[in-house]
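# Overview (structure and organization)
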Amino acid sequence: MARDLVVVTGKGGVGKSTVAAALGLVAAGRGLRTIVAEVARRDDVSRGLRHGGGPASGTLAGGEGMHEEELAPGLHHLSIDPEHAMELYLADQLPSALADLLASNRTFSYLAAATPGMRELLTVGKVWELAQDDRRTPGADRYDLVVLDAPATGHGVAVLSAPRTFAQTARLGRIARQGRTIDAMICDPKRTGVIAVARPEEMPVNETLDLQDALRDDVGLEVELVICNGMLPQRFTPTDVRALEAAPDGPEVRAARHAHARAGAQRTQLRRLRRRARAVVTTLPHVFDEGDRLAILARELDGAL
């Protein structure tokens, strides 16, 4: 919570958007003016917050195409559209007539979109702008904390490493200078923290363990916290288990045995994750009540952070 930027990433389907939304609720509840940013026009966090945190209370800076929207007191949301981020970048860097000409030029748009890493650079550039005290967006106020709901693991690393890649490629000029400026914040552990979200299953655990090495090698950051999401309760005592093993077969008994086996398999993967992860590993429960999911997870996170 003391960082400017917290990046939430993990394998697809592990609940990282839900964790990012819950983290935003925790931060706002602690009095931090917080924004949760999604990428590639996604809106998963916004839908979750609207469902769990009430309707939007207003629209802030951003202009047509990309809005910073207040979804709860102190908690804002932005879905980053790389194409609109390009228009904002051109408007900020060039005279208005030239910026308008390039933004409306279909060939230029195709070339920009085809440039390897350009979408990632524009995305992380907007995230960087959100985290600045003196923001470039007209009329926009500063945020105490930016939570980035990053793409799935491999693409998430590519987004964070894009500024360094462009700075090294360009070497000189405005793009190189801006790439170095953005990279300086991204790779500073005092300003940026990374949370990896996993489920207690073999593939997500493997991907999380791979992420910690890729992040260190490509960005120079360590994963600071691993959240093992969706832990099922252990419903049965050893005496209960012996009784289940001895019980006559039937649908209820098979369901109980399956629930016990699944919870046990999860804890096996959790132990493996804790043995091999360099970061602290904390857990979040599987929440059966869809309506209260975010509030329950936010309370659990608040106690863990």
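My aim in this report is to walk through the structure given alongside it, one point at a time.

## Considering the overall build of the protein
- The helix and strand inventory of the protein stands at 12 helices and nine strands.
- Looking at the protein as a whole, 46% of its 305 residues qualify as buried.
- The contacts of the protein with a sequence gap of at least 6 include a subset with a gap of at least 24, amounting to 72%.
- Carbon together with sulfur atoms contributes 53% to the accessible area of the protein, which is approximately 14,900 Å² in total.

## What to know about the nonpolar core
- Core analysis: the biggest nonpolar cluster contains 39 residues, and Leu5, Val146, Leu148, Ile186, Leu215, Val226 and Leu273 have the highest contact counts within it.
- Excluding residues that lie within four positions of it along the chain, leucine 215 makes contacts with Val157, Leu160, Val194, Gly220, Leu221, Glu222 and Val223.
- Among the nonpolar cores identified, the runner-up in size contains 29 residues, and Ala22, Val287, Leu297 and Leu301 belong to it.

## Quick notes on the pairing of strand E4 (residues 69–72)
- Pairing analysis gives three bridges linking E4 to strand E5 (residues 75–79), with the strands arranged antiparallel. Bridge assignment links alanine 72 to a residue of E5, and that residue is leucine 75.
- What sits between E4 and E5 in their antiparallel hairpin is a turn of two residues, with glycine 74 showing a positive phi close to 80°.

## Brief notes about the packing of helix H1 (residues 16–29) against helix H12 (residues 293–304)
- At a closest axis distance of 8 Å, the pairing of H1 and H12 adopts a crossing angle of 65°. Comparing their axes, H12 and H1 come out roughly perpendicular. In the crossing of H1 with H12, the sense of the turn from one axis to the other is right-handed. Of the residues in H12, those in contact with Thr18, Val19, Ala21, Ala22, Leu23, Leu25 and Val26 of H1 are Arg293, Leu294, Leu297, Ala298, Leu301 and Asp302.

## Thoughts on the pattern of salt bridges
- For the structure shown, the criterion picks out 17 salt bridges.
- As a salt-bridge pair, aspartate 213 and arginine 278 come within 3.0 Å of each other at their nearest N and O atoms. Taken together, the residues aspartate 213 in helix H9 (residues 202–218) and arginine 278 in the loop between helix H11 (251–276) and strand E9 (280–285) connect sequence positions 65 residues apart.
- Owing to a relative accessible area of 29%, aspartate 213 belongs among the partly exposed residues under this scheme.
- What you see here is one network of salt bridges that share partners, running through Glu68, Lys126, Glu129 and Arg135.

## Looking at the environment of arginine 50
- Relative to the elements of secondary structure, arginine 50 occurs in helix H2 (residues 44–53).
- Given the relative accessible area of 36%, arginine 50 is considered partly exposed.
- Measuring from C-alpha to C-alpha, the distance between arginine 50 and leucine 71 comes to 6.8 Å, with 21 residues separating the pair along the chain.

## Examining the side chain of arginine 267
- Topologically, arginine 267 is positioned in helix H11.
- Apart from residues no more than four positions distant in its own chain, arginine 267 is found in contact with Met231, Leu232, Pro233 and Gln234.

## Describing the packing of H9 against H11
- Contact geometry of H9 with H11 gives a least axis separation of 10 Å together with a crossing angle of 10°. It follows from the interaxial angle that H9 and H11 lie roughly parallel. Where H9 approaches H11, its residues Glu202, Val205, Asn206, Thr208, Leu209 and Gln212 are matched on the opposing element by Gln269, Arg272, Leu273 and Arg276.
- When grouped by side-chain class, the residues that make up the contact of H9 with H11 number three nonpolar, four polar and three charged.

## Things to note about the side chain of threonine 192
- By the secondary structure assignment, threonine 192 is in strand E7 (residues 192–198).
- Within the structure, the side chain of threonine 192 is placed 2.9 Å from the backbone oxygen of methionine 185, a separation counted as a polar contact.
- The residues contacting threonine 192, other than those within four sequence positions of it, are Arg3, Leu5, Val7, Met185, Ile186 and Leu221.

## What about H1?
- Between its first and last C-alpha, H1 extends 20 Å over 14 residues, near the 20 Å set by a 1.5 Å rise per residue.
- Of all 14 residues in H1, 11 are buried; the element is thus mostly enclosed.
- Taken as a whole, H1 has its buried residues at Lys16, Ser17, Val19, Ala20, Ala21, Ala22, Leu23, Gly24, Val26, Ala27 and Ala28.
- In the segment just after H1, glycine 31 is the residue with positive phi, at about 90°.

## A look at H11
- Between its first and last C-alpha atoms H11 spans 38 Å; for 26 residues at 1.5 Å apiece the expected length is 38 Å, and the two agree.
- Buried within H11 are the following residues: Val253, Ala256, Ala263, Gln266, Arg267, Gln269, Leu270, Arg272 and Leu273.
- Looking at the packing, one finds that the buried side of H11 touches H9, strand E8 (225–231), helix H10 (238–246) and E9.

Thresholds, definitions, all that
Residues numbered from 1 in each chain as written. Predicted model: local features only at pLDDT ≥ 70, side-chain atom pairs only at ≥ 80, totals over all residues. Heavy atoms only, no water. Helix = DSSP H or I, 4+ residues; strand = E, 2+ residues; numbered from the N terminus. Buried < 20%, exposed > 50% of the residue type's maximum accessible area, 1.4 Å probe, protein only. Contact = heavy atoms within 4.5 Å. Areas by Shrake-Rupley, 256 points an atom, 1.4 Å probe, with all protein chains shown as cover. Core = buried A, V, L, I, M, F, W, Y, C linked by side-chain atoms within 4.5 Å. Pairing = 2+ DSSP bridges. Axes fitted to C-alpha atoms, helices over the stretch in contact; angles between N-to-C directions. Parallel < 35°, antiparallel > 145°, perpendicular 65-115°, else oblique. Left-handed = near helix turned anticlockwise from the far one by under 90°. Salt bridge = Lys/Arg side-chain N within 4 Å of Asp/Glu carboxyl O. Nonpolar A, V, L, I, M, F, W, Y, C, P; charged D, E, K, R; others polar. Polar contact = N/O pair within 3.5 Å; in protein donor to acceptor, adjacent residues only side chain to side chain. Expected span 1.5 Å × (residues − 1).

Read these as layout, nothing more, since geometry by itself doesn't imply function.
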